[in-house]
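The residues making up each chain are set out below.
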Amino acid sequence: MLDFFTIFSKGGIVLWCFQGAGVTESFTGPVNALIRSVILQERSGNNTFTHEALSLKYKLDNEFELVFVVGFQKILTLTYVDKFIDDVQLHFRDRYKNELEQKGALKLLNNNFEFEDDFKTLLRDAEDSSKARGPVSMRTFTESQKSQKTVKSMIETKGGDKGKEQGGKKNKNAKKEAPLPEPVKEGHGKVSTSEKTVENGNQGLTQDEIMQKKREEFFRKRMAGSAEKTSKSPKPQKPKEKQMRVWDMAGSSTKDLDYSQRNGNGSHDSGNQSQDAQIDSGMQLRPMVGDLLSVDYESSEEEEEIEEEEEKVVITDISKKAPKKGGGFGGMFGMLKGLVGSKSLTQEDMEPVLDKMRDHLIAKNVAADIASQLCDSVAKKLEGKVMGTFTTVASTVKQALQDSLVQILQPKRRVDILRDVLEARSQRRPFVITFCGVNGVGKSTNLAKISFWLIENGFTVLIAACDTFRAGAVEQLRTHQRRLNSLHPPEKHGGRPVVQLYEKGYGKDAAGIAMEAIAYARNQAFDVVLVDTAGRMQDNAPLMTALAKLIAVNMPDLVLFVGEALVGNEAVDQLVKFNQALADHSMSDKPRLIDGIVLTKFDTIDDKVGAAISMTYITGQPIVFVGTGQTYNDLRSLNARAVVSALMKA
């Protein structure tokens with residue numbers, strides 16, 4: 001039934017493996033795909049992974065840094081696999097505990113793990129238990145709860161009968177409450193300790209427990225008071241006045257904005273284009289040669305203090321859940337127990353911290369499903385791991401979540417467009433980039449920014465106007481083409497314009513226009529073709545079919561999805577449906593899906609950067625460009641650590 005079972009360390013050393021009877025194919029391919037796509041990418045929230053015809057289930061042992069993987073055909077429904085992999089993990093740990101505690105790869109290689117007999121015994125027991133269960137037979141009518149009801153109890157009555165029923169319920173409750181005073185009669189000497197009090201909201205607590213609770217509140221208030229004093233001390237500073245914003249393109253004085261002398265008579269001369277060229281050439285745009293600058297954030301000074309207060313709250317929560325022992329020093333010992341790394345982490349220890357982290361991620365615009373999967377992945381990564389000395393649960397969980405987020409944002413492959421364009425130029429063909437996305441996210445604007453960046457690096461660009469639906473789309477691209485050519489006049493490039501627009505008007509087939517534009521670029525020796533497509537909603541089937549046709553026919557080198565940084569849960573739906581449409585309508589066995597993401601309007605979200613996490617987690621593809629404004633210079637690359645620090649900021 002099982003194709004294979006393997007146990008290996010996180011360092012990549014295979015300790016033991018099993019291959020089923022009749023299985024000839026090697027299992028290294030599926031296991032390597034699991035490591036590459038799930039474990040290294042911090043996507044271990046779900047313990048199931050599918051690779052071609054196989055279904056893989058895995059379990060992480062964080063104490064000994066081991067991974068247990070079982071593989072079987074995905075058409076089979078094996079109900080015993082989850083329990084079986086748990087049993088194998090416990091049995092293997094117990095048998096080879098001394099060998100596993102010896103740190104170092106060489107010591108693991110020198111040990112011989114003879115586990116085949118135990119494995120077959122466990123597998124036989126698991127298969128027998130699944131067969132012994134069999135189908136569950138349906139209960140008879142006499143065994144069901146419905147047979148116990150009378151006809152009178154099923155009749156709905158009004159008014160007086162309800163009062164009788166309520167009275168009957170009250171009588172039953174009174175009978176249940178009546179035996180409570182009986183323990184008082186047993187011993188008068190124990191009344192002071194066992195008597196339950198109701199004052200001040202302490203219902204159901206003994207006098208000792210109330211005293212213990214008050215001591216803990218005293219310690220907590222005292223610690224909170226000292227924290228408030230330190231945080232309140234810098235407050236008397238005067239608030240900073242709002243600074244006047246100086247736009248880069250506005251010029252240094254108001255005279256630059258006065259056009260009354262130039263064209264005050266109302267005459268429209270034929271030199272408008274030359275005037276625009278002079279205006280555009282006067283714009284103070286910085287050079288963008290080489291790689292783009294990365295997005296950066298300034299860290300807040302009060303951030304660390306807030307984090308420390310949150311960790312103290314978590315510690316007191318854990319101390320409340322701990323058994324109340326030790327008299328007056330119980331609260332202090334509870335806090336020390338939360339600090340000192342005396343035991344391995346369990347799901348119960350991490351649950352309150354993970355709940356707060358999940359809410360925090362959702363508040364920062366991470367999609368709700370993605371936030372839950374991330375927290376589940378962190379829980380599996382940390383479960384069973386021994387904490388370091390004097391570290392809190394909150395700091396441990398937060399550090400693990402930060403590492404996971406950085407790993408997700410760092411791409412599996414680096415998209416180096418400048419290198420790829422040079423390689424395409426050596427092959428005497430244009431490098432084709434297609435932009436797709438929903439309506440109004442900034443595809444045309446960011447296409448113009450990328451054009452400026454490519455021109456700054458010495459490449460010629462052809463823009464294909466394949467948005468034949470939206471009114472003004474072609475005119476918008478023509479305006480960008482004119483402005484870019486004024487910034488880089490043809491006289492400086494051998495009399496040839498560095499940007500040209502290929503357009504056929506409105507109402508034409510977008511796939512045909514793209515094909516003609518690519519052929520024209522090849523004949524005219526353009527370096528890059530940027531294909532602008534019409535915006536479309538992800539659930540518009542005809543338009544999604546047309547986009548899939550455009551990509552399948554022209555096979556661009558790069559398909560970029562343009563998405564807003566403002567979206568939350570919608571980002572997941574957009575990317576899933578765009579990828580699904582490209583896969584469904586492709587004519588190839590290996591369809592072209594989204595290769596990268598352009599994240600726009602990043603300057604409007606402050607620290608709510610969760611959309612970057614949602615988009616990257618869903619597709620597994622990198623964020624290639626980040627739009628941070630409305631000028632040609634406002635284009636950045638993603639800095640994973642800066643985005644994560646902004647995301648984790650309180």
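Calculation rules
Residues numbered from 1 in each chain as written. Predicted model: local features only at pLDDT ≥ 70, side-chain atom pairs only at ≥ 80, totals over all residues. Heavy atoms only, no water. Helix = DSSP H or I, 4+ residues; strand = E, 2+ residues; numbered from the N terminus. Buried < 20%, exposed > 50% of the residue type's maximum accessible area, 1.4 Å probe, protein only. Contact = heavy atoms within 4.5 Å. Areas by Shrake-Rupley, 256 points an atom, 1.4 Å probe, with all protein chains shown as cover. Arc of directions from axis to C-beta. Axes fitted to C-alpha atoms, helices over the stretch in contact; angles between N-to-C directions. Parallel < 35°, antiparallel > 145°, perpendicular 65-115°, else oblique. Left-handed = near helix turned anticlockwise from the far one by under 90°. Nonpolar A, V, L, I, M, F, W, Y, C, P; charged D, E, K, R; others polar. Pairing = 2+ DSSP bridges. Core = buried A, V, L, I, M, F, W, Y, C linked by side-chain atoms within 4.5 Å. Domains from an automatic or database assignment. Phe/Tyr/Trp six-rings, centres within 6.5 Å; stacked < 30°, edge-to-face > 60°. Lys NZ or Arg CZ within 6 Å of the ring centre and 35° of its normal. Patch = residues over 30% accessible without salt bridge, like charges linked within 9 Å, V, L, I, M, F, W, Y side chains within 5 Å. Salt bridge = Lys/Arg side-chain N within 4 Å of Asp/Glu carboxyl O. pLDDT = per-residue confidence, 0-100.

Colleague: Pulling in residues and values, what's your account of the overall build of the chain?
Modeller: A tally of regular secondary structure across the chain gives 25 helices and 13 strands. Counting the 650 residues in the chain, one finds 41% classified as buried. Intrachain contacts of the chain at a sequence separation of at least 6 include 73% that bridge at least 24 residues. Carbon and sulfur atoms make up 52% of the accessible area of the chain, which amounts to about 37,700 Å² in all.

Colleague: Pulling in residues and values, what's your account of helix 18 (residues 417-426)?
Modeller: Side chains three or four residues apart in an α-helix point the same way, a direct result of the helix having 3.6 residues per turn. Those residues of helix 18 lying buried are I417, L418, D420, V421 and A424. All buried residues of helix 18 lie within an arc of 165° about the axis, which places them on one face of the element. Residues of helix 18 that are buried make contact with strand 6 (431-436), helix 19 (443-456), strand 9 (528-533), strand 10 (558-564) and strand 12 (623-627). Where helix 18 terminates, the next one or two residues include R428, which has phi positive at roughly 60°.

Colleague: Run through the packing of helix 15 (residues 347-363) against helix 16 (residues 368-382), naming residues and quoting values.
Modeller: Look at helix 15 against helix 16: their axes get within 9 Å of each other, and the N-to-C directions meet at 150°. In terms of their interaxial angle, helix 15 and helix 16 are classed as roughly antiparallel. Relative to helix 16, helix 15 is oriented so that their crossing is right-handed. Residues Q347, M350, L354, M357, R358, L361 and I362 of helix 15 form the contact with helix 16, whose own contacting residues are A368, A371, S372, L374, C375, D376, V378, A379 and L382. Broken down by class, the residue content of the contact of helix 15 with helix 16 amounts to twelve nonpolar, two polar and two charged.

Colleague: Give me the sheet that holds strand 10: which residues, what numbers.
Modeller: Strands sit in the order 8-7-9-6-10-11-12-13 across an open sheet of eight strands; the sheet is mixed. On the outer flanks of this sheet lie strand 8 (499-502) and strand 13 (635-636), each paired with one strand and no other. Helix 18 contacts strand 6, strand 9, strand 10 and strand 12 of the sheet and is inclined by roughly 135° relative to strand 6. Strands strand 6, strand 7 (461-466), strand 8 and strand 9 of the sheet are contacted by helix 21 (residues 510-523), whose axis makes an angle of about 165° with strand 7.

Colleague: Quick one: what's the story with the nonpolar core, residue by residue and with numbers?
Modeller: Of all hydrophobic cores here, the largest spans 117 residues; its most connected members are I417, W453, L454 and F625. Per-element accounting of this core gives the leading share, nine residues, to helix 17 (residues 393-409). For this core, the domains that each give at least three residues are domain 2 (301-409) and domain 3 (417-639). Residues within four places of F625 in sequence aside, it is in contact with L292, I417, I450, W453, L560, I597, V598, L599, L635 and R636. Listed in part, the 28 residues of the second largest apolar core include F5, L15, F84 and F119.

Colleague: Give me the packing of aromatic side chains: which residues, what numbers.
Modeller: Scanning the model with the defined rule gives 18 aromatic pairs in all. By way of ring pairs, the aromatic residues F5, W16, F18, F68, F84, F92, Y96, F113, F115 and F119 are connected into one cluster. Its end group placed over the ring of F526, R496 keeps NZ or CZ at 4.5 Å from the ring centre.

Colleague: Lay out the pairing of strand 12 in plain terms, naming residues and giving numbers.
Modeller: The element strand 12 is extensively covered by neighbouring structure, given that five of its five residues are classed as buried. In this sheet, strand 13 lies alongside strand 12 in antiparallel orientation, the contact comprising two bridges. Opposite G627, over in strand 13, you have L635 as the bridge partner.

Colleague: I'd like to hear about the side chain of N579, residue by residue, with values.
Modeller: In this fold, N579 is placed in helix 23 (residues 569-584). On the basis of relative accessibility, which here comes to 16%, the residue N579 falls in the buried class. N579 has contacts with L593, I594 and T619, leaving out every residue within four places of it along the chain.

Colleague: Tell me what's going on with a nonpolar patch on the surface, and back it up with residues and numbers.
Modeller: On the surface, M515, V553 and M587 cluster together into a nonpolar patch covering about 320 Å² of accessible area. For V553, the position within the fold is in helix 22 (residues 541-554). Classification of V553 by relative accessible area gives partly exposed; the value is 36%.

Colleague: Could you give me a rundown of the confidence of the model for the chain, with the residues and numbers involved?
Modeller: Residues at a pLDDT of 70 or more form 73% of the chain, whose mean pLDDT is 77. Segment residues 263-282 is flagged for pLDDT under 50; beyond a separation of four residues in sequence, or across chains, it makes twelve contacts in the model.

Colleague: Give a description of the environment of R482 that names residues and reports values.
Modeller: Turning to its location among the elements, R482 is positioned in helix 20 (residues 473-487). In this structure the C-alpha to C-alpha distance between R482 and Q500, which are 18 residues apart in sequence, comes to 8.8 Å.

Colleague: Pulling in residues and values, what's your account of the pattern of salt bridges?
Modeller: Counting across every chain of the model gives 20 salt bridges. With its nearest N and O atoms 3.2 Å apart, the salt bridge here joins D82 to K57. On the criterion of sequence distance, the pair formed by D82 in helix 2 (residues 81-95) and K57 in strand 4 (residues 54-61) is long-range, its members being 25 residues apart. Among the salt bridges present, the one from E116 reaches K120, with a minimum N-O distance of 3.2 Å. Taken together, the residues E116 and K120, both in helix 5 (residues 116-133) and four residues apart, mark about one turn of the helix. Where salt bridges share partners, they join D61, E63 and R93 into one cluster.

Colleague: So what's going on with the sheet that holds strand 4? Residues and values would help.
Modeller: Strands pair in a sheet through their backbones, by hydrogen bonds, and they do so in one of two ways: parallel or antiparallel. Here five strands make up an open sheet; going across it, the order is 2-1-5-4-3 and the pairing antiparallel. Edge positions in the sheet fall to strand 2 (14-19) and strand 3 (48-51), since each of these pairs with one other strand and no more. With direction set aside, neighbouring strand axes in the sheet form an average angle of 20°. In this structure, strand 1 (residues 4-9) lies alongside strand 5 (residues 66-73), joined through six bridges in antiparallel fashion. What sits directly across from F4, in strand 5, is G71. Seen against the sheet, helix 1 (residues 28-39) touches strand 1, strand 3, strand 4 and strand 5 and runs at an angle of roughly 125° to strand 3.

Colleague: An account of helix 1 is requested, with residue identities and associated values reported.
Modeller: Those residues of helix 1 lying buried are P30, V31, A33, L34 and V38. The arc that holds the buried residues of helix 1, viewed along the axis, is 155°, so those residues lie on one side. Packed against the buried residues of helix 1 are strand 1, strand 3, strand 4 and strand 5.

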